[in-house]
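What the coordinates show
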Amino acid sequence: MVNPNTRLQSKFNCISVQIPKSTKQRNASLSGAGFSHHCSRLHGCRLFSFCESFFVCLNLGPMQMASSCKRSRTPRPKKCFADRLSALPDDILHRILSDLDFLDVVRTSVLSRRWRFVWTSMPYLNFNMDWFVKHNYNKKVELMEPRYKFWDFIKWALLLRDGSQIIRICLYTDNTITEQLNGLLRVAARQKVQELCFLDGDYTADELQFPRVLCETLTQLTVNFRDTIPLQVTAVFSSLRSLNLTRVLISCDVAEKLLSRDCVRLENVYLENCQVRDVEEINILACNLKNLTIVNVCTYEKFWVVGSFDSKLRICAPNLISFCYIGPMLRGFALLNTMSLESASIRLLRVPRGYEDEYKNHLLCPARFIGLNHAKALTLSTLVVKYFCPAYGELLWDTFILDNLNHLELELRYNANYIEGLVNLLKFSPNLEALFIRFKEGRQIPRSQRKIRKAIENRSSWESRVEDIACLSYHVKIIRISNIDGTEIALELVKFLLQNGKVLEKMEIMPRKGERKKSFSKLVAFPKASSKVVISFPEYAQRKIPWFDRGDSDPEYDG
């Protein structure tokens, strides 16, 4: 009997792979790349002849063999490698690159011919010294050499431009060379730059000199230095719309040219830690001013001082929408012709020890709240609420009415005087609809100071009472109390609001972090003047306290 394997083997032995004689002779004379190429072809011919003979031995027809070798595949879409970004016009490319450092913008010139000269017409120039040093020098190089090279880079970047207009120049540098800065200001004046920004500069005693042409063309000015720098202004900023100054020395002449009536387009003003010298009264008379923020406290590296200036503040802005003041009480404070005022925030910081004599006459009184009665939303700090307490009987608030106010947000301490100040504020706000209360974070008093602890405990006793207050009886529908603990005085305040809120619909209680909600379960049993009120206990999102506010977050021991 014949072994089937032997029969199959005999069939394979019958397979003959014929190679043309010319191919053998040609391969014998080839070498190098040609030899490898023909070897690959030879290998492919042998493989195909072997597969063909293999299918013939299996009794497969030519159609079956072809259908078995070629598998059906779905056609794939052709990939398109078109560079759509490079096809965009220059103005759109400039917008895309507007937030990049100019060093990175110059590096795009190696991408293709289309990008070779895009940087020469870039209207938005951002120069960052730290970024320049980091990407061009190692740490072993001396610090001064890269900084001088940085100014050379700015000079050549301006000289090699194609002559197109520059819209914005933004400079980040911690090596303030006033001569270089003034030279950059002169270039900005020739180019009629619209937006100018100097950030992170260090100390310099020389003045920044703004040419007349630059004063007339600038629409946005931002100066933020680590230390106070003086300004020299030669003309009124007639086209200025946004002004942001931090740690800048403002003289009487500069104040008139920055904040006078001639600044007809000025809309946004932000002043932080700006020293004002030889000026008894600061007059802000911009007719189109909409947003004004003044931070009158030193805010650099957690070094807290009482204030940068102590002058009278007089604001006459008929289009003012938002106003915010942070700092100690000034000598005078008045908002005139502010009928369009929508929101106002007054955060008074307590005077540190050693400055009490200088600020002993800086008391809050109705005359220093002129103009705030037009605000629809008002935010007050604890020191402002404190002055509304009847304990300060010499201050008469009977004529002070916040008749346009519908949203009140304030801070409280666990103290009877502050809660009585809140009650008076509610009396002065007959049309109030929403009340937001946040109890201020306080530092725990050590046990060694027993007298202070007893004094605070005596002032922390307050009882709820039924009182006819117009806003609670007819308008207040939403009350939110955050950062509250389960102390008796806090619960009495909640009880007071529930007893007198006749149209109250919603009350949110946000316990302090770590406080158990079970301690507030008794609130449900409190008597309620409104049958529609719903009490909820959402989570309290712990706010990030500004460092200058932490100095005011300690409990006041003087009452």
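Let me begin by describing the structure that accompanies this report. (Residues numbered from 1 in each chain as written. Predicted model: local features only at pLDDT ≥ 70, side-chain atom pairs only at ≥ 80, totals over all residues. Heavy atoms only, no water.)

1. Structural notes on the overall build of the protein
Helix and strand counts for the protein come out as 17 helices and 20 strands. The buried share among the 559 residues of the protein stands at 46%. By element, 52% of the accessible surface of the protein is carried by carbon and sulfur atoms, the whole surface being about 31200 Å². (Helix = DSSP H or I, 4+ residues; strand = E, 2+ residues; numbered from the N terminus. Buried < 20%, exposed > 50% of the residue type's maximum accessible area, 1.4 Å probe, protein only. Areas by Shrake-Rupley, 256 points an atom, 1.4 Å probe, with all protein chains shown as cover.)

2. Regarding the side chain of E467
Tracing the chain through its elements places E467 in the loop between α14 (450-459) and α15 (470-474). Looking at E467, its side chain comes within polar contact range of the side chain of K427, at 2.7 Å. Apart from residues lying up to four places away in sequence, E467 is in contact with V423, K427, F496 and N500. (Polar contact = N/O pair within 3.5 Å; in protein donor to acceptor, adjacent residues only side chain to side chain. Contact = heavy atoms within 4.5 Å.)

3. Topic: the pattern of salt bridges
Applying the stated criterion across every chain yields a total of 12 salt bridges. Close ionic contact of E467 with R465 constitutes a salt bridge, the shortest N to O distance being 3.0 Å. Classification of R465 as partly exposed rests on a relative accessible area of 28%. The network of salt bridges with common partners includes R347, E411, R438 and K440. (Salt bridge = Lys/Arg side-chain N within 4 Å of Asp/Glu carboxyl O.)

4. Description of the sheet that holds strand β9 (residues 281-284)
As summarised here, the arrangement of the 3 strands in space is β9-β11-β13, forming an open sheet in which the pairing is parallel. Single-partner strands in this sheet number two, and they are β9 and β13 (333-336). Direction aside, neighbouring strands of the sheet carry axes that sit 10 degrees apart on average. Across 4 bridges, the pairing between β9 and strand β11 (residues 312-316) is parallel. Counted as the bridge partner of E281 is K312 from β11. (Pairing = 2+ DSSP bridges. Axes fitted to C-alpha atoms, helices over the stretch in contact; angles between N-to-C directions.)

5. Some thoughts on the packing of aromatic side chains
All told, the structure shown has 11 aromatic pairs when counted by the stated rule. Look at F210 and F237: their rings are 6.1 Å apart centre to centre, the planes differ by 70 degrees, and that puts the pair in the edge-to-face class. Of the two residues, F210 sits in strand β4 (residues 208-210) while F237 sits in the loop between β5 (220-233) and β6 (242-250), which places them 27 residues apart along the sequence. Of the aromatic side chains, those joined through ring pairs into one cluster are F102, W119, F127, F132, F150, W151 and F153. The side chain of R480 reaches across the aromatic face of F436, ending 4.4 Å from its centre. (Phe/Tyr/Trp six-rings, centres within 6.5 Å; stacked < 30°, edge-to-face > 60°. Lys NZ or Arg CZ within 6 Å of the ring centre and 35° of its normal.)

6. A look at helix α16 (residues 488-500)
Look at α16: 19 Å from first C-alpha to last across 13 residues, which is about the 18 Å you get at 1.5 Å a residue. Burial analysis of α16 places 11 of its 13 residues in the buried class, the great majority of the element. Along α16, the residues classified as buried are I489, A490, L491, E492, L493, V494, F496, L497, L498, Q499 and N500. (Expected span 1.5 Å × (residues − 1).)

7. Some remarks on the nonpolar core
Side chains of nonpolar character tend, in soluble globular proteins, to be buried together. The biggest cluster of nonpolar side chains holds 134 residues, and the ones touching the most others in it are L208, F210 and F323. A total of 8 residues in this core trace back to one element, the largest contributor, which is α16. V295, C324, I326 and L349 belong to the second-largest nonpolar core, a separate cluster that totals 5 residues. (Core = buried A, V, L, I, M, F, W, Y, C linked by side-chain atoms within 4.5 Å.)

8. Quick look at a nonpolar patch on the surface
Together, L85, I92 and I96 make up a nonpolar patch on the protein surface, roughly 240 Å² of accessible area in all. In this structure, I92 sits in helix α5 (residues 90-96). You can call I92 partly exposed: its relative accessible area is 36%. (Patch = residues over 30% accessible without salt bridge, like charges linked within 9 Å, V, L, I, M, F, W, Y side chains within 5 Å.)

9. Some details on helix α13 (residues 416-427)
Taking 1.5 Å per residue as the helical rise, α13 with its 12 residues ought to reach 16 Å, and the 17 Å between its terminal C-alpha atoms agrees with that figure. Along α13, 10 of the 12 residues are buried, which leaves the element largely enclosed by surrounding structure. A416, Y418, I419, E420, G421, L422, V423, N424, L425 and L426 are the residues of α13 that are buried.

10. Considerations on the environment of V105
Note that V105 resides in helix α6 (residues 102-107). Expressed as a C-alpha distance, the spacing of V105 and T120, which sit 15 residues apart in the sequence, is 9.6 Å. Apart from residues no more than four positions distant in its own chain, V105 is found in contact with L97, L100, W119 and M122.

11. Observations concerning the pairing of strand β1 (residues 124-128)
Burial of β1 is extensive: 4 of the 5 residues sit out of reach of the surface. Note: β1 against strand β2 (residues 168-172), 5 bridges, orientation parallel. Looking at the pairing, L125 lines up with I169 of β2.

12. Quick look at the environment of V187
Looking at where V187 falls in the secondary structure, it is placed in helix α9 (residues 178-191). Sequence spacing of V187 and K155 is 32 residues, and the spatial spacing of their C-alpha atoms is 9.9 Å.

13. What to know about the packing of α13 against α16
The description of two helices packed together rests on the angle between their axes and the distance between the axes. As a packed pair, α13 and α16 sit with axes 11 Å apart at the nearest point and diverge in direction by 15 degrees. The pairing of α13 with α16 is recorded here as roughly parallel in orientation. In this structure, α13 crosses over α16, and the sense of that crossing is right-handed. Within the contact between the two elements, α13 uses A416, I419, L422 and V423 and α16 uses I489, L493 and F496. (Parallel < 35°, antiparallel > 145°, perpendicular 65-115°, else oblique. Left-handed = near helix turned anticlockwise from the far one by under 90°.)

14. Quick notes on the pairing of strand β19 (residues 506-511)
In terms of burial, β19 is a largely internal element, 5 of the 6 residues being buried. Handedness of the β-α-β unit built from strand β18 (residues 478-484), α16 and β19 comes out right-handed. Note: β19 against strand β20 (residues 534-536), 3 bridges, orientation parallel. Considered in β20, the bridge of E508 is made with S536. (Right-handed = clockwise from strand over helix to strand, strands pointing away.)

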